[in-house]
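# Per-entry structural report
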Amino acid sequence: MADIKPFKAYRPGKEMAKIVASLPYDVFSRSEAYEKVQREPDSFLAIDRPETQFPIEQDMYAQEVYDKARQMLDEKIQEGVFIQDEKPCYYIYEQTMNGRTQTGIVACASIDDYMNNVIKKHENTRQDKEKDRINHVYTCEAQTGPIFLCYRKNRLISDLVEKVKEVDEPVYDFVSEDGVRNRIFIIDDLEETETICRVFTNIDSIYIADGHHRCASAVKVGLMKRKELEGKVKGKLQSDYFLSVLFPDDELMIMDYNRVVKDLNGLSSDEFLEKLSEKFDIKESDNKVKPQKKGEFGLFIDEKWYRLNAKDSIKNTDPVQGLDVSILQNEVLSPILGIGDPRTDKRIDFVGGIRGLEELERRCREDMKIAFSLYPTSISELFAVADEGLLMPPKSTWFEPKLLSGLFIHTIRGII
């Protein structure tokens, strides 16, 4: 039973939405963040990455950096750049990229649902990455980047969303820097908000698609707030909920998440291919190899592409071990190339499918030796792993388009 609530968002005025909205803070390197904020000082990235307001040598995790984010956010609210809606609303967030549309509901999800495994995860998180967002959310007393959640399609919600999109005018309609068209609608009708809330209470599983670190951080801040205010206030706290966008599973697309490796672990190319042939059927290709089915891989080495098909002997029906990313790790990266922990080994890097196969070739010509292209993990595989309470290997999924920051802010000050 999911507790998905409407809320009174702070959001930019219509004329400011495109100016303020930014891609998520974690898609930018430090230098890229500086460059963007210098170029676009009104971008929400300035608040999401407040170290951009300091000299480049500034410790980006110092408390004064987070204090600066709080100051800038409060100033934007006081100046009227962000205005709070007068009553709790749900919001429809529609994104169209390359002719494909996905539509989610912007709402607040419960930290208790996360702790009770109604909201299910499929990745581990790193404490260092959590700490940064914990400090940001706690200092700002606001959640500024939505968590990307998904659920199995529900006809009642889909019909209501389509009706609103057909009848109402969007409050925002613009193309963002990544070429994605973004349309936002407000659902403030009491009957419609009650319907959405009621339907979600009958959904027993919500899944984190993207944003595990932001989600874990929001939950930990919520627990900190509970402890601080225990016995001092009555009722639910704003911090008991975190900012989310919830998408039906049939509208989402997971892209491939590919690998590049710096060397062959002391092997020659022929020796490497010989070892691979024990586990894969290998065929040289005249074209770039974008795998078309599960168990198929592309390999780029020495300016040649090969198509690899996993032999039955290495296939697996286990929800995690049967993933293509697991087969590659367990059968190639670890035993042949000596990459035991891909999260920490500096010899491997990961390339999102949005960058194309050309990026794999470029990396091999620039700083890597070989590249692997993979068939994307499916939504059903993600659900199966999460339902079993298991975890995927790192870098298993790449979702596009990304959710923009700055269109909705959920403050965690006080009670609901």
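Keep in mind it's a predicted model, so treat the numbers as computed, not measured. (Residues numbered from 1 in each chain as written. Predicted model: local features only at pLDDT ≥ 70, side-chain atom pairs only at ≥ 80, totals over all residues. Heavy atoms only, no water.)

## Observations regarding the environment of F174
- Secondary-structure assignment places F174 in strand β9 (residues 172–175).
- Beyond its immediate sequence surroundings of up to four residues, F174 is in contact with A17, K18, A21, V180, R181, N182, L404 and L407. (Helix = DSSP H or I, 4+ residues; strand = E, 2+ residues; numbered from the N terminus. Contact = heavy atoms within 4.5 Å.)

## Considerations on the packing of helix α7 (residues 155–167) against helix α8 (residues 190–201)
- At a minimum axis separation of 10 Å, α7 and α8 run at an interaxial angle of 155°. It follows from the interaxial angle that α7 and α8 lie roughly antiparallel. Both α7 and α8 take part in a crossing whose hand is left-handed. Where α7 approaches α8, its residues L156, I157, L160, K163 and V164 are matched on the opposing element by E192, T195, I196, V199 and F200.
- A breakdown of the residues in the contact of α7 with α8 according to their chemical character gives 7 nonpolar, 1 polar and 2 charged. (Axes fitted to C-alpha atoms, helices over the stretch in contact; angles between N-to-C directions. Parallel < 35°, antiparallel > 145°, perpendicular 65-115°, else oblique. Left-handed = near helix turned anticlockwise from the far one by under 90°. Nonpolar A, V, L, I, M, F, W, Y, C, P; charged D, E, K, R; others polar.)

## Examining helix α10 (residues 269–276)
- Within the span of α10, buried status applies to S269, F272, L273 and L276. The buried residues of α10 occupy one face: seen down the axis, they fall within an arc of 95°. Opposite the buried face of α10, at more than 90 degrees from it, the exposed residues are D270 and E274.
- Where the residues of α10 are buried, they touch β15 (280–285), β16 (296–301), β17 (304–310), α11 (324–333) and β19 (370–374). (Buried < 20%, exposed > 50% of the residue type's maximum accessible area, 1.4 Å probe, protein only. Arc of directions from axis to C-beta.)

## Things to note about unusual backbone geometry
- Of the consecutive residues E400 and P401, the connecting peptide bond is found in the cis state with omega at -5°.
- Mapped onto the secondary structure, P401 falls in the loop between β20 (398–399) and β21 (410–411).
- Positive phi values are uncommon outside glycine, yet N265 reaches one of about 60°.
- With respect to the helices, strands and loops of the structure, N265 is situated in the loop between β14 (257–261) and α10.
- A positive phi angle, near 65°, is found at E303, a position not held by glycine.
- On the secondary structure map, E303 appears in the loop between β16 and β17.
- A relative accessible area of 49% means that E303 is categorised as partly exposed.

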